[in-house]
Every structure is written in structure tokens, then in C-alpha cells.
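One-letter residues, chain by chain:
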Amino acid sequence: SRVFLALGAGAVAWGIYRLIQIVNHVLSKLAEKTDNNLDDLIVNIIRKSLKIVVVVISILFIGQNILGWNITALLAGAGVAGLAIAFAAQDTIANFFGSIMIILDQPFKKGDRVNVSGYDGIIERVGFRSTRIRTLIGHLVTIPNKSVADSTIENIQERPYMKLSTNLGLVYDTPAEKMEEAIKILHEIYDNHEGMNEEKPPKIFFNAFNDWALNISITAWYFPGDYYAFLEWNHKTNMKILKRFNAEGLEFAFPTNTTYLAYDSNRQLEITIDPNTGEPVKKK
């Protein structure tokens, strides 16, 4: 009779175990509606956890209430075995809880470009033990989730804009009127540019007398933070600046040294001939 009761309870437990697939299907449909694909990992954890719970409870119930097993001794033995396994697999357990922290915190999702532990690349997979990153040069890096959870994570994908900060130098022979013309041209090019946000207009200033150039600083923000779209816009903008400056005769500066040999009334230089040697002698 106990065997038949155990088989009946086992059949019920098996039916409950199979019902977990329905729960998994419902949760998967809900996860598909969210933007963050880490929810798929949450569904996997719930499915596997429910299966383990159903199996363990079914065994304990059938064993204690039907077959008359000494569950206390069994649990004591399982506790000792579990402690030994925990010591042996502490890194695996740490990685598992690291994955739980990643799921709860959601610092990134699959497909995001991130910088983790010095590795800059695209998130390809987040598992229970590790996270895989495809670096920008094509290498696949596997990082334990424990390390990921403890690291400072830079999510490059979530940047709202790209910032351009550059300088243009004009030669010192440029008159004030031409400097004003250069600033005006730059404002015409950068004001209301493609990808501009009204809250962050471009900033253009004649900001310094450098060693070899009159410097103009340019700061602009490009929305959204699409790197290649930003490069395309920056390329077109630089071409416009080059054409406009060349047309207006505005000369770009480059590092130079100028030596003056002309007469300087404040530093007179006299050259005489040494009567003994016939060599020129410089004398201030």
C-alpha cells in the first residue's frame, strides 16, 4: 500500500513539475515585452529553482509521510554533504550570486557596449557563471560574474550624447577683424547643427594666445550618442570649416619658430673687423 501511495504522490509531483513549463511560458512572454534581455536570465533562474523545490519537497514528503524514512538523519547527512560541497564550489556559488546581483542591478543588457575590468566591448551573453564580452578587436573575453559584480562598469551604450572638444589655431598675423570673421563662420556652422540639443548649444571662444597661434576653442554636443553618426557629422563639419576658412583667407597655424635678423633699435648690433685677425667681431 505504501508503494502505491508513493507512486500516486509521485504522479502528482510529476504533474506539478510539468506545470512549471506553463509558468515558464507565461514568464517568457512577459520577459519578451521588456527592453532588458536580462529578464530571460531571471526566467531561467525561476524555472530551475521551482523544479528543484518541487523535486526536493516531493522526495521529503513521500519519504517521511509514506515510506516512513528518518528524514532528520537524512537532512543531517545532507547538511554535512552540502557544507563540503559549498566549500569545494565556493567560487561557483559566488559567481551564481554575482549573476543574481547583475540581474537585480541591471547595469547593462545584451548588445550593450561596456567597459568592464579594462575590457571594452559588446555584451554577448550573461550566464549563471560568467559574462562574455566581444572586444572591439574581435576577441571573446569571459569574465566571472563575481568579478563583474565587484567591478566598476562603464556602460558606453547608455551615453546620451557625444562631446566634441577641439581647438583651431590661426596665425599671429591674423587681424582682429579676421578673428571676428572666423568666430562668425564657426557659429554659422555649429549653431543649430545636426544632432543639437537646445539645452546644450555649442560654445565657441577666442580663448588663448598660444606660443604659435591665436587659439579658438570649440565645444559641441551631438545627440544621441551614436559614435559612427557622430564621426560622419564631424567629418562633414570639418570639411565646411576648411572650405569657408580657405575662401576667406583665414590661415591655420602650425608649430613654427621665427628668427628675426632685422634691425632692432632696442637691441643694437654692431659688427667690426678685428685688425689683428681680420675676423668679424660682434659687439653690443
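These lines cover the structure that appears in this document, whether it is placed above or below.

Definitions and cut-offs
- Throughout this description, residue numbers start from 1 for each chain and increase along the sequence as written.
- In view of the model being predicted, local features appear only for residues whose pLDDT reaches at least 70, and side-chain atom pairs are presented and counted only at 80 or more, with totals across whole chains, interfaces and linings using the full set of residues.
- Excluding hydrogens and water, the side-chain figures rest on all heavy atoms present in the structure.
- When DSSP finds at least two bridges between two strands, those strands are taken to pair.
- Under the scheme used here, helices are H or I runs from DSSP no shorter than 4 residues and strands are E runs no shorter than 2 residues, and both carry numbers assigned from the N terminus.
- In this description, a line fitted to the C-alpha atoms serves as the axis of each element, helices being fitted only across the stretch in contact, and the angle between N-to-C directions of two axes falls anywhere from 0 to 180 degrees.
- Here the nonpolar core consists of buried residues drawn from Ala, Val, Leu, Ile, Met, Phe, Trp, Tyr and Cys, with membership extended through side-chain atoms lying within 4.5 Å.
- Buried residues are those whose accessible area, probed at 1.4 Å on protein chains only, stays under 20% of the maximum for their type, while exposed residues exceed 50% and partly exposed ones sit between those limits.
- In the sections that follow, a salt bridge refers to a side-chain nitrogen of Lys or Arg positioned within 4 Å of a carboxyl oxygen of Asp or Glu.

1. Focus on the sheet that holds strand β1 (residues 113-116)
Judged by pairing direction, the sheet is antiparallel, and its five strands sit side by side in the order β4-β3-β2-β1-β5 without closing on themselves. Whereas interior strands pair on both sides, the edge strands pair on one side only; in this sheet they are β4 (140-144) and β5 (153-155). With strand direction ignored, the average angle separating the axes of adjacent strands in the sheet is 40°. Here three bridges tie β1 to β5, and the two strands are oriented antiparallel to one another. Each bridged residue has a counterpart across the sheet, and for Val114 the counterpart in β5 is Asn155.

2. A few points about the nonpolar core
Grouped together as the largest cluster of nonpolar side chains are 22 residues, with contacts concentrated most on Leu186, Tyr190, Ile216 and Phe245. A per-element tally of this core places helix α6 (residues 176-190) first, with seven residues. Of all hydrophobic cores here, the second largest spans ten residues; its members include Phe108, Val114, Val126 and Ile133.

3. Comments concerning the pattern of salt bridges
Pairing between side chains of opposite charge can happen when their charged atoms approach one another. A full pass over the atoms with the stated rule returns seven salt bridges. One salt bridge connects Glu158 with Lys109, and the closest N-O pair in it is separated by 3.6 Å. Taken together, the residues span a long stretch of sequence, with Glu158 in the loop between β5 and β6 (162-170) and Lys109 in the loop between α4 (90-105) and β1 at a distance of 49 residues. The exposure class of Lys109 is partly exposed, given its relative accessible area of 23%.

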